[in-house]
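# Analysis of the macromolecular model
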Amino acid sequence: MATVELTRGKVKQLLTDGMGLRIAPSADAYCVDFTDASTRVRITVRDWLPDPEGAAQTVVVVEALVLQGVRPTPALYEWVAREGRSKPFGHIEVHDDRHEPGTVFLMMTHTLLGDQLDKCELETAVWGVLFAADCWDDELQRRFGGRRAKDARQ
């Protein structure tokens, strides 16, 4: 059995003690900034379906902003459908941006089971999502416009 609270504690310990990262906790997530990357990683723990015996289960969502302020076009959606899953860890998701009506933001997202989470699994997902988002933000910005997370923070 893993509750959100228990899994959040485990994730925090793995990120800080296990991986040596400095985290910025928020109400529902842990954020990690990297000085040499144009994005940041956000790790959220959520409830999932109960197991067959009815015990609580959780998932850990690792995500990084790729671009924001992107105009939605058929070409963008075609790229997401055809290429957005081509990295080993994660996939690109498109979300309406409620802060900038008429635009979308792109997230690189990967989901892990929280109940049996270990350091290697979390570390691989964090680096995989970070590297993919950091690579794709430059390429996709040239093709579709928008702003990288780094540009929005400046």
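## Details of the overall build of the protein
Counting its regular elements, the protein contains four helices and six strands. Counting helices and strands in the order they occur from the N terminus, the protein gives α-β-β-β-β-α-β-β-α-α. Taken over the C-alpha trace, the protein has a radius of gyration of 16 Å; the compact-globule value for 154 residues is 15 Å, and the two agree within 12%. Taken over the C-alpha atoms alone, the protein extends approximately 45 × 35 × 30 Å along its principal axes. Counting over 154 residues, the protein shows a buried share of 43%. For the protein, the share of sequence-separated contacts (at least 6 apart) that also reach a separation of at least 24 residues comes to 60%. Counting every atom, the protein has about 8500 Å² of accessible surface; 51% of that belongs to carbon and sulfur. Distance between charge centres in the protein, computed from 19 positive and 24 negative side chains, equals 6 Å.

## Considering the side chain of Thr7
Here Thr7 is to be found in helix H1 (residues 4-18). Given the relative accessible area of 2%, Thr7 is considered buried. Ignoring sequence-local partners within four residues, the contact set of Thr7 consists of Ala2, Val45, Thr58, Val60 and Gly114.

## A look at H1
The terminal C-alpha atoms of H1 lie 19 Å apart, and with 15 residues this matches the ideal 21 Å at 1.5 Å per residue to within 8%. Buried within H1 are the following residues: Thr7, Arg8, Val11, Leu14 and Leu15. One side of H1 carries all its buried residues, which in axial view fall inside an arc of 125°. Those residues of H1 that are exposed and angled more than 90 degrees off the buried face are Glu5, Leu6 and Asp17. Where H1 is buried, its residues touch strand S2 (29-33), strand S3 (40-48), strand S4 (57-70) and helix H3 (119-144). Of the residues one or two after H1, Gly20 is the one with positive phi, at around 70°.

## Things to note about the pattern of salt bridges
Here the structure, examined in full by the defined rule, presents nine salt bridges. Shared partners join several salt bridges into a network, and the residues in it are Asp28, Arg42 and Glu63.

## Topic: the nonpolar core
Ranked by internal contacts, the top residues of the largest apolar core, which has 38 residues, are Leu15, Val62 and Leu122. Only H1, S2, S3, S4, helix H2 (74-83), strand S6 (104-113) and H3 provide two or more residues apiece to this core. The biggest single contributor to this core is H3, with 10 residues. Setting aside residues up to four positions removed in sequence, Val62 forms contacts with Val41, Arg42, Ile43, Met108, Thr109, His110, Leu112, Leu122, Ala125, Val126 and Val129.

## Let's talk about a nonpolar patch on the surface
On the surface, a nonpolar cluster with roughly 330 Å² of combined accessible area is contributed by Trp48, Leu49 and Leu113. The topology assignment puts Leu49 in the loop between S3 and S4. Looking at Leu49, the relative accessible area reads 56%, which means it is exposed.

## Considerations on the sheet that holds S3
The strands making up a sheet associate through backbone hydrogen bonding, with each pair oriented either parallel or antiparallel. If you trace the six strands from one edge of the open sheet to the other, you get S1-S2-S3-S4-S6-S5, paired in antiparallel fashion. Looking at the sheet topology across the chains shown, the edges are occupied by strand S1 (24-25) and strand S5 (91-96). Relative to S3, S2 runs antiparallel, the two being bridged by five bridges. Bridge assignment links Cys31 to a residue of S3, and that residue is Arg42. On the sheet, H1 packs against S2, S3 and S4 and is oriented at approximately 155° with respect to S3. The strands touched by H3 are S3, S4, S5 and S6; relative to S4, the strand with the most contacts, the crossing angle is about 20°.

Calculation criteria
- Residues numbered from 1 in each chain as written.
- Predicted model: local features only at pLDDT ≥ 70, side-chain atom pairs only at ≥ 80, totals over all residues.
- Heavy atoms only, no water.
- Helix = DSSP H or I, 4+ residues; strand = E, 2+ residues; numbered from the N terminus.
- Rg over C-alpha atoms; globule rule 2.2 N^0.38 Å.
- Buried < 20%, exposed > 50% of the residue type's maximum accessible area, 1.4 Å probe, protein only.
- Contact = heavy atoms within 4.5 Å.
- Areas by Shrake-Rupley, 256 points an atom, 1.4 Å probe, with all protein chains shown as cover.
- Lys, Arg positive; Asp, Glu negative; His and termini not counted.
- Charge placed at Lys NZ, Arg CZ, Asp CG, Glu CD.
- Expected span 1.5 Å × (residues − 1).
- Arc of directions from axis to C-beta.
- Salt bridge = Lys/Arg side-chain N within 4 Å of Asp/Glu carboxyl O.
- Core = buried A, V, L, I, M, F, W, Y, C linked by side-chain atoms within 4.5 Å.
- Patch = residues over 30% accessible without salt bridge, like charges linked within 9 Å, V, L, I, M, F, W, Y side chains within 5 Å.
- Pairing = 2+ DSSP bridges.
- Axes fitted to C-alpha atoms, helices over the stretch in contact; angles between N-to-C directions.

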